[in-house]
Amino acid sequence: MTALLDVRGLSAGYGDFQALFEVYMAVEEGETLAIIGANGAGKTTLLRTLAGLVPASSGTVRFAGADLLAVPAWKRVGHGISLVPEGRMLFPSLDVRENLLIGAHARRGGRWNLDRVIEVFPLLAPLLGRPSEVLSGGEKQAVAIGRALMANPRLMLLDEVSLGLAPLVVKQLYAALPEVVEAGTTVLVVEQDIGQAAAAADRLVCLLEGRVVLEGDPDCLTRGDIVAAYFGMKAET
Ligand code: ATP
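Along each chain, residues carry numbers from 1 onward, in the same order as the chain's sequence is written. A pLDDT threshold of at least 70 governs which residues receive local features in this predicted model, and a stricter bar of 80 or more applies before side-chain atom pairs are shown or counted, although totals over entire chains, interfaces and linings include all residues. As a convention, hydrogens and water are excluded, and side-chain values are obtained from all of the structure's heavy atoms.

Draft legend 1. Structural view of helix H1 (residues 43-51). When a residue's accessible area, from a 1.4 Å probe over protein chains only, is under 20% of the maximum for its type it is buried; when over 50% it is exposed; and in between it is partly exposed. To qualify as a helix, a DSSP run of H or I must reach at least 4 residues; to qualify as a strand, a run of E must reach at least 2; elements of each kind are numbered from the N terminus. The buried fraction of H1 is high, at seven of nine residues. Buried within H1 are the following residues: Lys43, Thr45, Leu46, Leu47, Thr49, Leu50 and Ala51. In the stretch just after H1, glycine 52 is the one whose phi turns positive, near 90°.

Draft legend 2. Just the site of the ligand, in detail. Any residue with a heavy atom lying within 4 Å of a molecule or strand is counted as near it. Taken together, 14 residues lie around the ligand, and Gly40, Lys43, Thr44, Thr45 and Gln192 are the ones closest in. Threonine 45 places a side-chain nitrogen or oxygen 2.5 Å from an oxygen atom of the ligand. Interatomic distance of 3.0 Å between a side-chain N/O atom of glutamate 160 and an oxygen atom of the ligand. Looking at the shell around the ligand, the elements with two or more residues in it are strand S2 (17-27) and H1. Here the shell around the ligand gets three residues from one element, more than from any other, and that element is H1. Residue composition of the shell around the ligand, by class: five nonpolar, six polar and three charged. Whenever two N or O atoms come within 3.5 Å, that pair is a polar contact, provided that in protein one can donate a hydrogen and the other can accept it, and provided that, for residues adjacent in sequence, both atoms are side-chain atoms. Classification used: nonpolar for Ala, Val, Leu, Ile, Met, Phe, Trp, Tyr, Cys and Pro, charged for Asp, Glu, Lys and Arg, polar for all others including Gly.

Draft legend 3. Structural context of helix H5 (residues 137-149). The length a helix should cover is 1.5 Å for every residue beyond the first. Its 13 residues place the ends of H5 18 Å apart at the C-alpha level, agreeing with the 18 Å of an ideal helix rising 1.5 Å per residue. Of all 13 residues in H5, ten are buried; the element is thus mostly enclosed. Those residues of H5 not exposed but buried are Gly138, Gln141, Ala142, Val143, Ala144, Ile145, Gly146, Arg147, Ala148 and Leu149. As for H5, its buried residues are in contact with strand S6 (81-84), helix H3 (96-102), helix H4 (114-120), strand S7 (155-158), helix H6 (167-175) and helix H7 (177-182). Contacts are residue-level and defined by heavy atoms, with any inter-residue pair within 4.5 Å sufficient.

Draft legend 4. Looking closely at the sheet that holds S7. When DSSP finds at least two bridges between two strands, those strands are taken to pair. Strand order in the open sheet made by the six strands is S6-S7-S8-S3-S9-S10, with mixed pairing throughout. The open sheet has two free edges, formed respectively by S6 and strand S10 (211-216), since each of these has just one partner strand. Strand-to-strand, the axes of this sheet are offset by a mean angle of 20°, without reference to chain direction. Here the axes come from fitting lines to C-alpha atoms, over the contacting stretch only for helices, and the angles between their N-to-C directions go from 0 to 180 degrees.

Draft legend 5. Geometry of the packing of aromatic side chains. When two rings of Phe, Tyr or Trp (its six-membered ring) have centres within 6.5 Å they constitute a pair, described as stacked for plane angles under 30 degrees, edge-to-face for angles over 60, and tilted for the intermediate range. Going through the model one piece at a time under the given rule, you end up with one aromatic pair. Between arginine 116 and the ring centre of tryptophan 112, over which it is positioned, the NZ or CZ distance is 5.1 Å. Placement of a positive charge over a ring is assigned whenever Lys NZ or Arg CZ falls within 6 Å of the ring centre and within 35 degrees of the normal to the ring plane. Note that arginine 211 overlies the ring of phenylalanine 21, its terminal NZ or CZ placed 4.2 Å from the centroid.

Draft legend 6. Layout of the pattern of salt bridges. The working definition used for a salt bridge is a side-chain nitrogen of Lys or Arg within 4 Å of a carboxyl oxygen of Asp or Glu. Per the counting criterion, the structure on display carries six salt bridges. Between arginine 111 and glutamate 182 there is a salt bridge, with the nearest N and O atoms lying 4.0 Å from each other. You can see arginine 111 sitting in the loop between H3 and H4 and its partner glutamate 182 sitting in helix H7, a full 71 residues away along the chain. Take arginine 111: its relative accessible area is 44%, and that puts it in the partly exposed class. Across the pair arginine 203 and glutamate 215 runs a salt bridge, and its minimum N-O distance is 2.7 Å. Here the residue arginine 203 occupies a position in strand S9 (residues 203-208), and glutamate 215 occupies one in strand S10, the gap between them amounting to twelve residues. The network of salt bridges with common partners includes Glu31, Arg203 and Glu215.

Draft legend 7. Quick peek at the nonpolar core. The set of buried Ala, Val, Leu, Ile, Met, Phe, Trp, Tyr and Cys residues whose side-chain atoms join them within 4.5 Å is what this entry labels a nonpolar core. Formed by 48 residues in total, the largest nonpolar core has its most connected members in Leu100, Phe121, Met156 and Leu158. If one sorts the elements of this core by residue count, H5 sits on top with six residues. For leucine 100, the contacting residues outside a window of four places in its chain are Leu114, Val117, Ile118, Leu128, Val143, Gly146, Arg147 and Met150. Counting 27 residues, the second-largest nonpolar core is a separate cluster that includes Leu4, Leu20, Val27 and Ile35.

Here it is as structure tokens:
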């Protein structure tokens, strides 16, 4: 089977600083894949490179069989890749409805629209007319995910979903992911919380200092394996 996303030998960084070193990774259609790793491991850089916001210095990325690195960042949404960025990046003075509709600007055809987003995140229904700057962190994150879905992505890149949010809110946001996948969107999520990542994902990829050091089904990996990879220690035998 051809992977929806096929990353081979991808390196990227910022000027002279290299943040990713020959990353290999494949994501199958319909899969939820979590990228874990400590601060500075390169998780955000990987998502930003896939979204076209950080240039790759070498390697190849094929998305739905096509050369993704040849597609400029501004066209990648139209190709089916939507990023939910770290920090959410909403337009603070625009209301929730307007923030969501911005996501539909470069939309592909598909099942997502305002009503469907509200079905998946019912907490947004009473907030549609409110400026996003007055929302809680969890509400903002729901808007950011909803905005990405409005583009009908084939692949949604979710960066640091749970950062700074209360555990209950994180649970609510993750509870929406199966519906997202069921609607035909493959999910690549960056998550610092190992337990959360293992619970939500079909597969984990662990980055350490810009390199993939572990990959597998969370049900088949021991906590010791994961923690050792995360912190760059030898696994206990
Ligand atoms: P965190 O969980 O802290 O966000 P991360 O795994 O997402 O970490 P990145 O943000 O991708 O890691 O950072 C990888 C490396 O790249 C780090 O050493 C970081 O300091 C560096 N880096 C990130 N953004 C920039 C930038 N704009 N300019 C220079 N270096 C950067």
